[in-house]
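# Working through the structure, step by step
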There are 2 protein chains.
Amino acid sequence: MALLFRSSVDSEARWKPHLARLMPELEVRIWPEIGDPAEIDYALVWRPEPGLLASLPNLKLILSLGAGVDHILIDPHLPGGVPIVRLVDPYMTDAMSEYVILQVLRLHRQDLDYRARQESGIWLELDQKNAAERGVGILGFGELGQDAGRKLKGLGFDVALWGRRPKTVEGLRGYAGTTDFSALLGRSEILVCLLPLTPETEGILNASTFAMLPKGAALINAARGAHLVDEDLLAALASSRLSAAVLDVFHDEPLPAGHPFWRHPRIIVTPHIAAATHPPTAAPIILDNIRRFEAGRPLLNQVDPAQGY
Amino acid sequence: MALLFRSSVDSEARWKPHLARLMPELEVRIWPEIGDPAEIDYALVWRPEPGLLASLPNLKLILSLGAGVDHILIDPHLPGGVPIVRLVDPYMTDAMSEYVILQVLRLHRQDLDYRARQESGIWLELDQKNAAERGVGILGFGELGQDAGRKLKGLGFDVALWGRRPKTVEGLRGYAGTTDFSALLGRSEILVCLLPLTPETEGILNASTFAMLPKGAALINAARGAHLVDEDLLAALASSRLSAAVLDVFHDEPLPAGHPFWRHPRIIVTPHIAAATHPPTAAPIILDNIRRFEAGRPLLNQVDPAQGY
């Protein structure tokens, strides 16, 4: 039983000891040392080379090294019949919620203004409302959106979530579909994007979306760089339609030197660190799906490629 | 029935409409327009001039405009027999917890490092653990400490609180007294000060306290400037015993121009904004205590001057 490991950003050295300890019978092969491609049963990947997965004739299951699978579905040669599973790790979910809450609180408490004032040595109190008076909208009603939503609500924020399909989750206000999209935006002084990247959501953070937010709203994108139309964000900040943005993800990563986001006074840039994979907790979750497959039991977090997540 | 309003930082214009609307029979006099001092029944104050309260011969009750009363007890001429009450407003408690959580998350998620890297255009992921692996210690086991502690615990942090006297609060780990002080410090990678300022707690954030924290710990002071020995903090940062500090309060406020805290790369300065008073919610709480006094019912949040809070 052989697994191919291929990540364009992560080191196999972080993963191999955990996989080997938990499933000694699994032979872990590190790309590009594939050996006989016909021997590969499983592929654990982040942004694999186009065609790589199609070159494995006996591939049984594709496992994503992240919560999203856009980096796999983008492959034009993706073998159609092979099931794909996403990585849903509560440790990563917790990390994402920490990130989202830090950034929501930063914007809510006018921290960019206070940082700029400290640089200038200015002591000045700004008007401040409480979390209960602050509308926060979360795009994405999956594991990540729900966890962040629940925790933000626990801190008192006036939270609502939006997803593609109507969903009822106790204690969370939900919006769904096209009509509700504008309703969610209209109440979101802080908008958080935690959507999967699909053809429908690509570029969803654009000028017409920003125009439906309350004037002076702020944006947090912790999903994918391709959700955002960069020029529309810059224009919205320039016109004060938006007051600030916090971005963890970008069209090209690392964010290229010289990109205007780096030096923009109203943009916080973080290097895709909202929710890093964590092999000690993720390896057992990944191997559980392999054991399920081997035993013919239902897979967890299987992706519907037509839906994109 | 007359109330004297005197604040060295707050405007009476924010308070008077709320007081007048809720208790029309109360005549609100704004310092220094006291009129006949013998007519003043109540004093609502923040840092009143020494001797002011003693000059009111028929004063029945002193009401603090903040959670602390150190600014009243410092008056050497404070009339001994007049009861004093603190302001405990859930709106302010929520605001304080927002501030504390923002700053704890900022330190936990290495935000100072990421901000400095953005300024230099550096894309670099740092090792990051989750909240559950981060020890947070809160000095102060009152309303503020308990609320912040509960909310931090809800986000997964490994929280413990320390107070002067042993206290048992469901779901919160408590330490008390001198011996436990070092135990609390030893587990606190992030230390939050929410103590009342008393002769016992003045200067409690000093070199010997810092020496008991894990190396590289960080400090948040949202209580009073006099809790901190400024030079000891600067020395602890210089030696890397501490990695960072977030300060909302200072010995002199506004923080004087040229003070080294303003430009220190590892110190966040905010202008005493953690939990501003909020007249719409605070006025009814203040007037409730006046009504209680008038009716001979027990006061809420009465201070023991010998204890200092």
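Source: prediction; values computed, not measured.

Calculation criteria
Residues numbered from 1 in each chain as written. Chains lettered and ligands numbered in written order. Predicted model: local features only at pLDDT ≥ 70, side-chain atom pairs only at ≥ 80, totals over all residues. Heavy atoms only, no water. Buried < 20%, exposed > 50% of the residue type's maximum accessible area, 1.4 Å probe, protein only. Helix = DSSP H or I, 4+ residues; strand = E, 2+ residues; numbered from the N terminus. Arc of directions from axis to C-beta. Contact = heavy atoms within 4.5 Å. Domains from an automatic or database assignment. Buried area = accessible area lost by both parts, 1.4 Å probe. Salt bridge = Lys/Arg side-chain N within 4 Å of Asp/Glu carboxyl O. Nonpolar A, V, L, I, M, F, W, Y, C, P; charged D, E, K, R; others polar. Expected span 1.5 Å × (residues − 1). Least-squares fit on C-alpha atoms with pLDDT ≥ 70 in both. Polar contact = N/O pair within 3.5 Å; in protein donor to acceptor, adjacent residues only side chain to side chain. Axes fitted to C-alpha atoms, helices over the stretch in contact; angles between N-to-C directions. Parallel < 35°, antiparallel > 145°, perpendicular 65-115°, else oblique. Left-handed = near helix turned anticlockwise from the far one by under 90°. Phe/Tyr/Trp six-rings, centres within 6.5 Å; stacked < 30°, edge-to-face > 60°. Pairing = 2+ DSSP bridges.

## Observations regarding helix α4 (residues 111–120) of chain B
Here α4 of chain B has its buried residues at D111, L112, Y114, R115 and Q118 of chain B. The arc that holds the buried residues of α4 of chain B, viewed along the axis, is 165 degrees, so those residues lie on one side. On the buried face of α4 of chain B, the contacting elements are α3 (90–108) and β12 (267–269) of chain A together with α3 (90–108), β11 (242–247) and β12 (267–269) of chain B. A positive phi of about 70 degrees marks G121 of chain B, the residue just after α4 of chain B.

## Here's the deal with the domain arrangement of chain A
All names here are of chain A. Splitting chain A by domain gives domain 1 (2–89 + 277–295) and domain 2 (90–269). For domain 1 versus domain 2, the separation of C-alpha centres amounts to 31 Å. Of the residues lining the interface, 11 residues belong to domain 1; the matching set on domain 2 comes to seven residues. It is D70, D89 and H278 in domain 1 that bury the most area against domain 2; as a group they hold 54% of the surface buried on that side. At the junction of domain 1 and domain 2, the tally comes to one salt bridge. Salt-bridge contacts for R224 lead to D70; the nearest nitrogen and oxygen are separated by 3.0 Å. Of the residues in the side of domain 1 that touches domain 2, the class split is five nonpolar, four polar and two charged.

## Here we look at helix α9 (residues 279–295) of chain A
Residues and elements named next belong to chain A. Taking 1.5 Å per residue as the helical rise, α9 with its 17 residues ought to reach 24 Å, and the 23 Å between its terminal C-alpha atoms agrees with that figure. Taken residue by residue, α9 has P279, A282, A283, I286, L287, N289, I290 and R292 as its buried positions. Looking at the buried side of α9, the elements it contacts are β1 (2–7), α1 (12–22), β3 (40–46), β4 (61–64) and β5 (84–85).

## A look at the relation of the copies chain A and chain B
Note on the identical chains: chain A maps onto chain B by a rotation of 180 degrees and an axial translation of 0.0 Å, with an RMSD of 0.0 Å. Seen this way, the second copy is the image of the first under a two-fold rotation axis. In terms of C-alpha distance to the rotation axis, chain A has L102 of chain A as its closest residue, with the C-alpha 2.9 Å off the axis. Both copies contact each other with a shared surface, as 100% of the interface residues of chain A are interface residues in chain B too.

## Quick word on the interface of chain A and chain B
Taken together, the contacts link 47 residues of chain A with 47 residues of chain B. Note on chain A versus chain B: buried area summed over both sides is about 3900 Å², and carbon and sulfur give 58% of it. Among the residues chain A hides against chain B, the three largest losses belong to E98, R109 and W123 of chain A. Together they make up 22% of the total. In this structure, R109 of chain B and E98 of chain A form a salt bridge, with 3.1 Å as the shortest nitrogen-oxygen distance.

## Things to note about the side chain of D41 of chain A
Residue and element names in this part refer to chain A. When you line up the elements, D41 lands in strand β3. On the accessibility criterion, D41 (13% relative accessible area) is buried. Of note is the side chain of D41, whose polar atom sits 2.8 Å from the backbone nitrogen of A2. Residues in contact with D41, not counting those within four places in the same chain, are M1, A2, N58, L59, K60 and L61.

## Side note on the side chain of H108 of chain B
Looking at where H108 of chain B falls in the secondary structure, it is placed in helix α3. Looking at H108 of chain B, the relative accessible area reads 0%, which means it is buried.

## Regarding the environment of H108 of chain B
For the pair H108 of chain B and A283 of chain B, spaced 175 residues apart in the sequence, the C-alpha separation amounts to 36 Å. Ignoring sequence-local partners within four residues, the contact set of H108 of chain B consists of E98 of chain A together with Q128, K129, N130, A131, R134, F157 and I190 of chain B. Looking at H108 of chain B, its side chain comes within polar contact range of the main-chain oxygen of K129 of chain B, at 3.5 Å.

## Here's the deal with the packing of α3 of chain A against helix α5 (residues 143–154) of chain A
Two numbers describe a pair of packed helices, the interaxial angle and the distance between the axes. Residues and elements named next belong to chain A. Put simply, α3 and α5 touch, their axes get as near as 9 Å, and they point 50 degrees apart. On the basis of the axis angle, α3 is oblique to α5. Crossing of α3 against α5: the hand is right-handed. For the pair formed by α3 and α5, the contact residues are T93, D94, M96, S97, V100, I101 and V104 on the first element and E143, L144, D147, A148, K151 and L152 on the second. Along the lines of polarity and charge, the residues of the contact of α3 with α5 split into seven nonpolar, two polar and four charged.

## Describing the packing of aromatic side chains
Per the counting criterion, the structure on display carries nine aromatic pairs over all chains. Both rings, one in W123 of chain A and one in F250 of chain B, keep their centres 5.7 Å apart while their planes meet at 70 degrees; by these two values the pair is edge-to-face. Of the two residues, W123 of chain A is situated in the loop between α4 (111–120) and β6 (135–139) and F250 of chain B in the loop between β11 and α9 (260–263); the pairing between them involves two chains. Exposure remark for F250 of chain B: the relative accessible area of 5% places this residue in the buried category. Arranged with centres 4.9 Å apart and planes meeting at 55 degrees, the rings of W162 of chain B and F181 of chain B form a pair that is tilted. Of this pair, W162 of chain B sits in strand β7 (residues 158–163) while F181 of chain B is found in helix α6 (residues 177–186), placing the two residues 19 residues apart along the sequence.

## Here's the deal with unusual backbone geometry
Going from W31 of chain A to P32 of chain A, the amide bond is cis rather than trans, its omega being 5 degrees. Structurally, the position occupied by P32 of chain A is in the loop between β2 (27–30) and β3. Positive phi is not limited to glycine here, since S240 of chain A has a value of about 65 degrees. Within the element layout of this structure, S240 of chain A appears in the loop between α8 (230–238) and β11 (242–247). Even without glycine at this site, H272 of chain B takes up a positive phi of about 50 degrees. Here H272 of chain B lies in the loop between β12 and α10 (279–295). Looking at H272 of chain B, the relative accessible area reads 27%, which means it is partly exposed.

## What about the packing of helix α1 (residues 12–22) of chain B against α10 of chain B?
Residues and elements named next belong to chain B. Running from N to C, α1 and α10 point in directions that differ by 50 degrees, and their axes come no closer than 9 Å. Comparing the axis directions of α1 and α10 gives the class oblique. Where α1 crosses over α10, the handedness of that crossing is right-handed. Two secondary-structure elements touch here, α1 through R14, W15, H18, L19 and L22 and α10 through P279, P280, A282, A283, P284, I286, L287 and R291. Among the residues forming the contact of α1 with α10, the class breakdown is 10 nonpolar, one polar and two charged.

## Overview of the sheet that holds strand β2 (residues 27–30) of chain B
Residues and elements named next belong to chain B. Across the sheet, which stays open at both edges, the five strands sit in the order β2-β1-β3-β4-β5 with parallel pairing between neighbours. Only two strands of the sheet have a single neighbouring strand rather than two, namely β2 and β5 (84–85). Taken strand by strand, α1 contacts β1 (2–7), β2 and β3 (40–46), and its axis lies near 170 degrees from that of β2. Of the strands in this sheet, β1, β3, β4 (61–64) and β5 touch α10, which is tilted by about 165 degrees from β4.

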